[in-house]
Amino acid sequence: MKWSNLTFFSKALITLVVAGAIGSAVYFLSPGLRVDESKSLGKLDVSDKDVNNVVTSAELPLPEAEPSSAIASKPLIRIAGYAWNAQSGIIVANGGSKTTRGSLMEKNGINLELIRQDWLSELRNQQMKFIEEFDKGNNTPKEGVAAIMIMGDGAPFYISSAQQALDDKYGAGKYQLQVLGAIGLSYGEDKVIGPPSWKMNPQSMKGALISTVIGDGDWVVAVNYAFANGLKVNPDPATYDAEAVNFVAAENDDYIEASKALIKSQTQDYTVPLKEVKSGKLTGKTINKKIDGCATWTPGDKMVFDALNGFTDVVSTKEFNNQMPTTVIGLKQWADANKSLVADLFKATFLATNQMKQYDSWRKKAAETAAANFKQENGDYWYNMFKGQQGEKGGISYNMGGSRVFNLADCNQYFGTTDGVNRYKAVYDQVSRYLKELNPGGFNQNVKRIVPYDEAVNISYLKGITNIDAGATYTADYTKKATSVMASGEWRINFESGRATIRPEAKDVLEQIYNLLVQAEDSKLELVGHTDNTGTQDGNYALSTARAEAVKNFLIQKGIPSSRFQKIDGKGQDEPVADNTTAAGKAKNRRVVIALLK
């Protein structure tokens, strides 16, 4: 069997066994051995709104290009990550791939090497090598990498599958991988690329095949969009469901390969052989399917737009602006043994990112160092892509790039330590739900459990950061009246019969709503309740309004500001969406419509 035909988990675990001897057996997760029915979740349509997180403080000197000699005696820390603009803050803090003279890392006593690695399986491989050396008693191993940087919405997938391998090799609970902090955010850079019809009429995505790194953040963007528009998702990358959105795994778990696969399919008539499935059952037929779109990020987006006509960005991390943080994932036991080092590493990074938010000279320097670290393009390219760029080809417009960096204040807000709204937990829990319900590539059969948020995230090391200008972070402005709808979704929320009391089983749906609202934080909200035709018309007006108020009160108790709610209303039985003469129709008519306004 070819490597490219293996699922993500198969490749990742095989790599670990070969390079790191993780576990005594290889899990072969052939998706064709088990077929799941395509799944659908609640509907929510989303759009975008710009964010500006800038505050002024004193400008610091830029790092030099020459390597630092001052930190030569310090233990070398190696961190690997994708070529991703949202991590440019840590790169400029280091002065480049290796710590340079005058850099903020040097000033904080950190000897750091940053390594580009676009293969997710190889990032895991390098992290496992590090853990092997750490297990031998070396607190600062020279083999492998101490931490990796990936999309935070991919962390539930990554940490849970890697934790399975660690438990198998070393015993349950001896070592834990954890998110140690976040240093940036994708703000449009990660996207689904496809024909314009997918944006104008999302239902036209039905039956599409999208190349992506399954389980990673770009996959989440595509899944979010599918579920936001009531589309089913086929969780099995070896099968094809004409009634769902389908995915094919990018070769080597590489987002660039996702873009290349789309280009190859569109220009060379390359097809993917997939087993046809209907209602979760194999038909015995094989479909040779062209790839219709991809989920990728910069520079993968530019590659597609340069090579192909008739494609645009369908949806991106601008629509869910809190979805995709740049998370640093490391070994808890190593971080505990090196608390001050970890704190100083983040301190230097947050000093640099705060400068980037304020001064163009730092943004340009960050772009230069990123180009050198990524060994791709030049500083102007990454500078422009950081801000986000628009283009047009054949009369079709498209967007590329778009990133943000976190200063310390941003990071603290993102994890809810300053305002009590844990934005990352909303993301982590939502993606965990996707893994559980979609079961991509047989995830639930081969990974014993999804590591819960409280075990997977540990930002206690950030408390060791002292003597730093944390900067200021963005606060949404809800004082102005919103005038247009940017999102609208219908939700089935169970209430006590004839009352506005939310039933216990409805809490799960409300948690989903809360998680989505947190990710679209800039929007104002409109809640409208609806009933079936049981009872009187006047009574149903009052009941539907009371139920909308009950949902509002639940969300306020969860942390959504009361000032965010622009309108609460009830339409009673006046606007049915189904036949009130059947029980199924009545159930559909009992709903709450939540609109996101801008």
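*Asks:* Can you lay out the packing of helix α11 (residues 339-358) against helix α12 (residues 360-374) for me, pointing to particular residues and giving the numbers?
*Replies:* Relative to each other, α11 and α12 sit at 120°, their axes nearing to 6 Å. Judged by the angle between their axes, α11 and α12 are oblique. Here α11 and α12 pass one another in a crossing that is left-handed. Residues A352, Q355, M356, K357 and Q358 of α11 pack against D360, W362, R363 and A366 of α12. Along the lines of polarity and charge, the residues of the contact of α11 with α12 split into four nonpolar, two polar and three charged.

*Asks:* Describe the sheet that holds strand β17 (residues 403-405), and please don't skip the residues or the numbers.
*Replies:* Taken in spatial order, the six strands make up an open sheet running β2-β1-β3-β14-β4-β17, and their pairing is mixed. Edge positions in the sheet fall to β2 (111-116) and β17, since each of these pairs with one other strand and no more. In this sheet, adjacent strand axes meet at a mean angle of 30° when their direction is disregarded. Sheet topology note: the strand β1 (residues 76-81)/strand β3 (residues 147-151) ladder contains three bridges and is parallel. Counterpart to A80 in the pairing with β3 is I148. Contacts from helix α4 (residues 120-135) reach β1, β3, β4 (177-186) and β14 (325-331) within the one sheet, and its direction differs from that of β3 by about 150°. Along the sheet face, helix α5 (residues 155-170) touches β3, β4 and β14 and points at about 160° away from the line of β4.

*Asks:* Please give an account of empty space enclosed by the protein that cites residues and values.
*Replies:* Within the structure shown, the criterion is met by seven cavities of 30 Å³ or more. In this model, the largest cavity occupies a volume close to 60 Å³. Forming the boundary of the largest cavity are I77, I79, A146, A147, L180, V328, W334, V342, L345 and F346. Elements with a contribution of two residues or more to the lining of the largest cavity: β1 and α11. Per element, the largest residue contribution to the lining of the largest cavity is three residues, and it comes from α11.

*Asks:* An account of the environment of D538 is requested, with residue identities and associated values reported.
*Replies:* Here D538 lies in helix α19 (residues 537-558). Note on D538: relative accessible area 58%, which makes it exposed. In this structure, the C-alpha to C-alpha distance between D538 and Q573, residues 35 residues apart in sequence, is 9.3 Å.

*Asks:* Report on helix α13 (residues 379-387), specifying residues and quantitative values.
*Replies:* Buried within α13 we find G379, Y381, W382, Y383, M385 and F386. A side-chain oxygen of the first residue of α13 lies 3.2 Å from the backbone nitrogen of D380; this N-cap is N378. Count one or two residues on from α13 and you reach G388, which has phi positive near 100°.

*Asks:* If you had to explain the side chain of R564 to someone new, which residues and values would you point to?
*Replies:* Assignment of secondary structure puts R564 in the loop between α19 and β20 (565-570). For R564, which is buried and forms no salt bridge, the nearest opposite charge comes from E521, at a distance of 6.4 Å.

*Asks:* Can you break down the confidence of the model for the protein chain residue by residue, with the values?
*Replies:* Low pLDDT marks regions whose predicted coordinates should not be analysed in detail. Overall, the prediction assigns the protein chain a mean pLDDT of 87, with 89% of residues at 70 or greater. Within the model, the stretch residues 1-35 combines pLDDT values under 50 with 90 contacts to residues more than four positions away or in other chains. Confidence drops under a pLDDT of 50 for residues 41-52, and excluding neighbours within four residues, the segment shows 53 contacts in the predicted structure.

*Asks:* Describe in detail helix α15 (residues 423-438), supporting the description with residues and values.
*Replies:* Relative to the 22 Å expected for 16 residues at 1.5 Å per residue, α15 spans 23 Å between its end C-alpha atoms, a close match to the ideal helical length. For α15, the buried fraction is high: 12 of the 16 residues fall into the buried class. A distance of 3.2 Å separates the backbone nitrogen of Y424 from a side-chain oxygen at the start of α15, and that oxygen is part of N422. Of the residues flanking the end of α15, it is N439, one or two places downstream, whose phi is positive at about 55°.

Reading guide: rules and limits
Residues numbered from 1 in each chain as written. Predicted model: local features only at pLDDT ≥ 70, side-chain atom pairs only at ≥ 80, totals over all residues. Heavy atoms only, no water. Axes fitted to C-alpha atoms, helices over the stretch in contact; angles between N-to-C directions. Helix = DSSP H or I, 4+ residues; strand = E, 2+ residues; numbered from the N terminus. Parallel < 35°, antiparallel > 145°, perpendicular 65-115°, else oblique. Left-handed = near helix turned anticlockwise from the far one by under 90°. Contact = heavy atoms within 4.5 Å. Nonpolar A, V, L, I, M, F, W, Y, C, P; charged D, E, K, R; others polar. Pairing = 2+ DSSP bridges. 1 Å grid on protein atoms, 1.4 Å probe; cavity = no way out; pocket = protein on both sides within 12 Å on 5 of 7 lines; lining within 4 Å. Points joined across faces, edges and corners; volume = space filled by probe spheres on them. Buried < 20%, exposed > 50% of the residue type's maximum accessible area, 1.4 Å probe, protein only. Polar contact = N/O pair within 3.5 Å; in protein donor to acceptor, adjacent residues only side chain to side chain. Lys, Arg positive; Asp, Glu negative; His and termini not counted. Salt bridge = Lys/Arg side-chain N within 4 Å of Asp/Glu carboxyl O. pLDDT = per-residue confidence, 0-100. Expected span 1.5 Å × (residues − 1).

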